Every structure is written in structure tokens, then in C-alpha cells.
Amino acid sequence: MANTFLLKIITPGREVYNDQVEKVTLKSADGEFQVLANHQSVISSTIPCIAKFKDAKGNDEELFISKSLVQVSNNEMIISSDAAEFEEDIDEVRAERALRRAEDRLKNSENYNKGRAEAAFFRAKQRLALKKSNR
């Protein structure tokens, strides 16, 4: 059996994932980073991205995570995220509407908070990218 560690992904509403994994790949504002078993203790943050991990059985998994705090300690990783969704949980129609709404707000940024519109646009793009990549 490969070296594994416990991955927990939680949101305010539910525990999304709780099992052993071999590796996790995420994105921060500084770029992509990967965590393997026995990683040193660290606290980091992520940007909205498609998180990738290999479970203990060797299966590659992907899910969308919104901005998150990540804690790695004692061979355990906890991702506390505003939102986390596997591809099958993403409502494509809702995500498309969110993308169009964000695009409209960016075109009329004098009427909206540009930073919030950009964040909404990026989240919607990531969710749709995951949904469409698994077809």
C-alpha cells in the first residue's frame, strides 16, 4: 500500500470528503502546490480551483473548491472551503447563469463591485470547466 494521509474536505453545510489519499493538488495565489504523505505542517489558502487528488485505491478524483483554508498536520489535511462540489453535484444551468451574470457585471463595472464580479466570474468558469471536462 502506498503512503497515504487523511483528507477531509468540509464546507459550512457538510463534510464533502473524508478518506485516505496518496496526494492532493491545489492552487494558491502563488501557483499550484501538491501535498503528499508525511508533509510538514502548514497552513495555506487556495483560490477557487479544480482540486485534484489520488485516493488510496489509486483513483484520480477532481472537485471544484471555492476559496479555502488548508491545514496540514500529523498526516492529515483539512480543506475548509466556502463551497466544494464534485462534477456530479454541479448544476450546469445554474453555473452558466452565474457566468453570464458575472460577465454582465464586469461589462457594467461602474454599477457593481468589480472585485466581487471578477471572483464570481472565475468561480463559475472553474465549475463549468470541471463539469465539461468529464463528458
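Definitions and cut-offs
Residues numbered from 1 in each chain as written. Predicted model: local features only at pLDDT ≥ 70, side-chain atom pairs only at ≥ 80, totals over all residues. Heavy atoms only, no water. Helix = DSSP H or I, 4+ residues; strand = E, 2+ residues; numbered from the N terminus. Rg over C-alpha atoms; globule rule 2.2 N^0.38 Å. Buried < 20%, exposed > 50% of the residue type's maximum accessible area, 1.4 Å probe, protein only. Contact = heavy atoms within 4.5 Å. Lys, Arg positive; Asp, Glu negative; His and termini not counted. Charge placed at Lys NZ, Arg CZ, Asp CG, Glu CD. Axes fitted to C-alpha atoms, helices over the stretch in contact; angles between N-to-C directions. Parallel < 35°, antiparallel > 145°, perpendicular 65-115°, else oblique. Left-handed = near helix turned anticlockwise from the far one by under 90°. Expected span 1.5 Å × (residues − 1). Arc of directions from axis to C-beta. Polar contact = N/O pair within 3.5 Å; in protein donor to acceptor, adjacent residues only side chain to side chain.

Peer 1: Talk me through the overall build of the chain; I want residue IDs and the actual numbers.
Peer 2: Tallying secondary structure elements over the chain gives two helices and nine strands in all. For the chain, the N- to C-terminal ordering of α and β elements is β-β-β-β-β-β-β-β-β-α-α. At 16 Å, the chain has a C-alpha radius of gyration in line with the 14 Å of a compact globule built from 135 residues. C-alpha atoms of the chain, sized along the principal axes, occupy 55 × 30 × 25 Å. With 135 residues in all, the chain has 36% of them scored as buried. Long-range pairs, those at least 24 residues apart, make up 52% of the contacts in the chain with a sequence separation of at least 6. For the chain, the distance from the average site of its 22 positive side-chain charges to the average site of its 22 negative ones is 6 Å.

Peer 1: Can you break down the side chain of S28 residue by residue, with the values?
Peer 2: Within the secondary structure, S28 is located in strand β2 (residues 15-28). Dropping the residues within four chain positions of it, S28 is found in contact with F33, S45, T46 and I47.

Peer 1: Please give an account of the packing of helix α1 (residues 92-107) against helix α2 (residues 114-133) that cites residues and values.
Peer 2: Taken N-terminus to C-terminus, the directions of α1 and α2 make an angle of 150°; their axes are 8 Å apart at the nearest point. Judged by the angle between their axes, α1 and α2 are roughly antiparallel. Considering only the axes of α1 and α2, their crossing is left-handed. Contact with α1, carried on its side by E92, R94, A95, E96, A98, L99, A102, E103, R105 and L106, involves K114, A117, E118, A120, F121, A124, K125, R127, L128, K131 and K132 of α2 and no other residues of that element.

Peer 1: Report on α1, specifying residues and quantitative values.
Peer 2: The end-to-end C-alpha distance of α1 is 23 Å, a good match for the 22 Å that 16 residues give at a rise of 1.5 Å each. Among the residues of α1, A95, A98, L99 and A102 are the ones counted as buried. When α1 is viewed along its axis, its buried side chains cluster within an angular range of 100° and face the same direction. Residues of α1 that are exposed and point more than 90 degrees away from the buried face comprise V93 and K107. Contacts from the buried residues of α1 go to α2. The backbone nitrogen of V93 has a side-chain oxygen 3.1 Å away, supplied by the residue at the start of α1, namely D91.

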